[in-house]
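Summary of the model geometry
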Amino acid sequence: DLFFVRRLSLKDPVGKNNSVEVCDASEAIRLEPALLKNFVSCYGNYGGYQRRGPGTFKKVLDSHVYRCEGWKLFLDRHQGKLRGYALVSPSDKRLKGTALYEISAPSLASVKALTDKIAHVFQGRGAIACDATREHPIFKHLEKCGYAFAGDDAYILARVINAEKIFKALLSQSKNKQLEK
């Protein structure tokens, strides 16, 4: 099972101040059950992410990367309920701009609100980008907000399906070749 992860970016984003909040770590840890629920609603049917559970956000927010590199957690709430969030790196050398390390926003309205606020906060720092595939659960929302693939990257992800069966078949082929000699 092979698929290509490509850079999806919004060139020259124009920011807009709105009600999306930049959240501090203690608030994020307090909201962890809502953040996890939001993540599952967005990515529950999509594989390829690390297992999530209680303590996930504390681990991320306590990391040196979050604390030392100026990462920010943006929260989009609508009528008091969490609608989406984005974990953002303000200066990613590989992506050459602001990186959406993780965005969980099941609706177009939330993706738009988060993008507007991120562009406003990091105005003038280049494109906003993330790694994605066309199968990404919010690809269509990102595309409608102006994100586009920026060319091919050298990343190929592979997921072995039924690894035991594949290993046994390879082992069997190897033994057969040895017997033929």
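Residues numbered from 1 in each chain as written. Predicted model: local features only at pLDDT ≥ 70, side-chain atom pairs only at ≥ 80, totals over all residues. Heavy atoms only, no water.

1. Remarks on the packing of aromatic side chains
- A full pass over the atoms with the stated rule returns 6 aromatic pairs.
- Aromatic pair Phe57 and Tyr85: ring centres 5.7 Å apart, planes at 80 degrees, arrangement edge-to-face. Here Phe57 is found in helix α3 (residues 56-62), whereas its partner Tyr85 is found in strand β5 (residues 81-92), with 28 residues between them in sequence. Across the pair, exposure class does not vary: Phe57 and Tyr85 are buried alike.
- Members of the aromatic cluster, each reached through a chain of ring pairs, are Phe39, Tyr43 and Tyr46.
- One cation-aromatic arrangement involves Arg52 over Phe39; the distance from NZ or CZ to the ring centre is 4.0 Å. (Phe/Tyr/Trp six-rings, centres within 6.5 Å; stacked < 30°, edge-to-face > 60°. Helix = DSSP H or I, 4+ residues; strand = E, 2+ residues; numbered from the N terminus. Buried < 20%, exposed > 50% of the residue type's maximum accessible area, 1.4 Å probe, protein only. Lys NZ or Arg CZ within 6 Å of the ring centre and 35° of its normal.)

2. A look at the pattern of salt bridges
- Taken as a whole and assessed by the stated rule, the structure comprises 8 salt bridges.
- Across the pair Arg77 and Glu21 runs a salt bridge whose closest N-O atoms are separated by 2.8 Å. Separated by 56 residues along the polypeptide, Arg77 in strand β4 (residues 72-78) and Glu21 in strand β3 (residues 21-23) bring together distant segments of the chain.
- Here Asp76 makes a salt bridge to Arg83, at a shortest N to O gap of 2.7 Å.
- Taking relative accessible area as the criterion, Asp76 reaches 1% and is therefore assigned buried.
- When salt bridges that share partners are traced, they join Glu21, Glu27, Arg30 and Arg77 into one network. (Salt bridge = Lys/Arg side-chain N within 4 Å of Asp/Glu carboxyl O.)

3. A short note on the pairing of β5
- Pairing between β4 and β5: 7 bridges, direction antiparallel. Considered in β5, the bridge of Phe74 is made with Ala86.
- Hairpin connection between β4 and β5: a loop of 2 residues separates the two successive antiparallel strands, and Gln79 in this loop has a positive phi of roughly 50 degrees.
- Both β5 and strand β6 (residues 97-104) contribute to a ladder of 6 bridges, which runs antiparallel. Opposite Val88, over in β6, you have Leu100 as the bridge partner. (Pairing = 2+ DSSP bridges.)

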